[in-house]
Amino acid sequence: MKNRPISVMIADDHALIREGIKQILELENDITVIAQAGDGEEAIEKALELKPEVILLDINMPKVNGIEALRRFKDLGISSKVIMLTIHEDKEYIYETIKIGANGYVLKDSEADSLIKAIRDVGRGKTYIQPSIATVLVKDSQNMNNENNKEFMKVNSLTKREYEVLILIAEGLNNRDIAEKLFISEKTVKNHVSNIFKKLEVNDRIQAAIFAFRNNIKKI
């Protein structure tokens, strides 16, 4: 079971991009491409039918765009993990997909290694935010003075242990990994994560990770 390849669907309206990504991924023994989709409608249909573990989802697609497709995935109970394929100009869309619940973000002009790492991390239940995207989000937040004060209060509301857990969430670790790293039970980690979400007013791990990046939260 552990050696089973991660099944991937590539959803992008450009056939050359889909084929290029497929060729790169099929060089990896632990990743297999089981489907391709040229628009959002097709992506939804194939996700329902084939249930890929990871979906690479382009934001700009015809018929149904990537943001709406992601929303439909959630509404339909599709359990596939979703990595958004974005470009630099898509910054405003990144915030929207964070709210909906994407599991990862990769720039289209990134190196193949970044995409492969994202698929592996997300496939293992982690999150992946390409460092350059995180940097863009951090810079975008630097002028939000009032918001920064509010964020500071949220950070201060965390206990030392919750702060440690938040750092590990931002590093992409899942609950089991965090439990092993901090020598605590997975149930305790789950409680800490729940408290962190409430205090930071976020809904999921990817939003918590973005919060950590934006507020420059580091190991103490």
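What counts and what doesn't
- Residues numbered from 1 in each chain as written.
- Predicted model: local features only at pLDDT ≥ 70, side-chain atom pairs only at ≥ 80, totals over all residues.
- Heavy atoms only, no water.
- Helix = DSSP H or I, 4+ residues; strand = E, 2+ residues; numbered from the N terminus.
- Polar contact = N/O pair within 3.5 Å; in protein donor to acceptor, adjacent residues only side chain to side chain.
- Contact = heavy atoms within 4.5 Å.
- Buried < 20%, exposed > 50% of the residue type's maximum accessible area, 1.4 Å probe, protein only.
- Arc of directions from axis to C-beta.
- Pairing = 2+ DSSP bridges.
- Axes fitted to C-alpha atoms, helices over the stretch in contact; angles between N-to-C directions.
- Core = buried A, V, L, I, M, F, W, Y, C linked by side-chain atoms within 4.5 Å.
- UniProt positions renumbered as here; feature names shortened; annotations may be inferred.
- Salt bridge = Lys/Arg side-chain N within 4 Å of Asp/Glu carboxyl O.

## Describing the side chain of Asp 12
No. 1: Here Asp 12 is to be found in the loop between β1 (6–11) and α1 (15–25).
No. 2: A polar contact is formed between the side chain of Asp 12 and the side chain of Lys 108, at a distance of 2.9 Å.
No. 3: Not counting chain neighbours up to four residues away, the residues in contact with Asp 12 comprise Ile 17, Arg 18, Ala 37, Gly 38, Asp 58, Met 61 and Lys 108.

## Let's talk about helix α3 (residues 66–75)
No. 1: Within α3, the full set of buried residues consists of Gly 66, Ile 67, Ala 69, Leu 70 and Phe 73. When α3 is viewed along its axis, its buried side chains cluster within an angular range of 165° and face the same direction.
No. 2: Here α3 starts with a cap whose side-chain oxygen sits 3.1 Å from the backbone nitrogen of Ile 67, and that cap is Asn 65.
No. 3: Positive phi shows up at Gly 77, right after α3, with a value of about 75°.

## Things to note about the environment of Val 8
No. 1: Within the fold, Val 8 resides in strand β1.
No. 2: According to the relative accessible area criterion, Val 8 is buried, its value standing at 0%.
No. 3: As a C-alpha pair, Val 8 and Leu 56 span 48 residues in sequence and 7.3 Å in three-dimensional space.
No. 4: The residues contacting Val 8, other than those within four sequence positions of it, are Leu 25, Ile 31, Thr 32, Val 33, Ile 34, Ala 35, Pro 52, Val 54, Leu 56 and Ile 119.

## Brief notes about the sheet that holds strand β4 (residues 81–86)
No. 1: Taken together, the six strands give an open sheet; going across it, the order is β2-β1-β3-β4-β5-β6, and neighbouring strands pair in parallel fashion. Each edge of the open sheet carries a strand with a single partner, namely β2 (31–37) and β6 (128–129).
No. 2: Relative to strand β3 (residues 54–58), β1 runs parallel, the two sharing four bridges. The residue bridging Met 9 from the neighbouring strand is Ile 55, located in β3.
No. 3: The strands touched by α3 within the sheet are β3 and β4, with β3 carrying the most contacts at an inclination of about 150°.

## Notes on the nonpolar core
No. 1: Counting 53 residues, the largest nonpolar core has Leu 57, Phe 73, Tyr 105 and Leu 166 as the members making the most contacts within it.
No. 2: Among the elements that line this core, the one with the most residues is helix α8 (residues 160–170), at seven residues.
No. 3: The residues touching Tyr 105, leaving out its near neighbours within four places in the chain, are Ile 83, Met 84, Ile 94, Thr 97, Ile 98, Tyr 128, Ile 129, Gln 130, Ile 133 and Ile 206.
No. 4: Of all hydrophobic cores here, the second largest spans 18 residues; its members include Leu 25, Ile 116, Val 122 and Tyr 128.

## Considering the UniProt feature "modified residue: 4-aspartylphosphate" (unreviewed entry) in the chain
No. 1: Cross-referencing UniProt, the feature "modified residue: 4-aspartylphosphate" (unreviewed entry) maps to Asp 58 in the present numbering.
No. 2: For Asp 58, the position within the fold is in strand β3.
No. 3: Dropping the residues within four chain positions of it, Asp 58 is found in contact with Ala 11, Asp 12, Asp 13, Gly 66, Leu 85 and Lys 108.

## Looking at helix α9 (residues 175–182)
No. 1: Within α9, the full set of buried residues consists of Asn 175, Ile 178, Ala 179 and Leu 182. Taken around the axis of α9, the buried residues stretch over an arc of 100°, which confines them to a single face. Those residues of α9 that are exposed and aimed more than 90 degrees away from the buried face are Arg 176 and Glu 180.
No. 2: Where α9 is buried, its residues touch α8, α10 (186–200) and α11 (205–214).

## A closer look at the pattern of salt bridges
No. 1: Within the structure shown, the criterion is met by 13 salt bridges.
No. 2: Across the salt bridge formed by Lys 46 and Glu 42, the nearest N and O atoms sit 3.0 Å from each other. Remark: Glu 42 and Lys 46 occur in helix α2 (residues 40–50); sequence separation between them is four residues, near one turn of the helix.
No. 3: Residue Asp 121 is joined to Lys 117 by a salt bridge in which the shortest nitrogen-to-oxygen separation is 2.9 Å. Taken together, the residues span about one helical turn, with Asp 121 and Lys 117 both in helix α5 (residues 112–123) at a distance of four residues.

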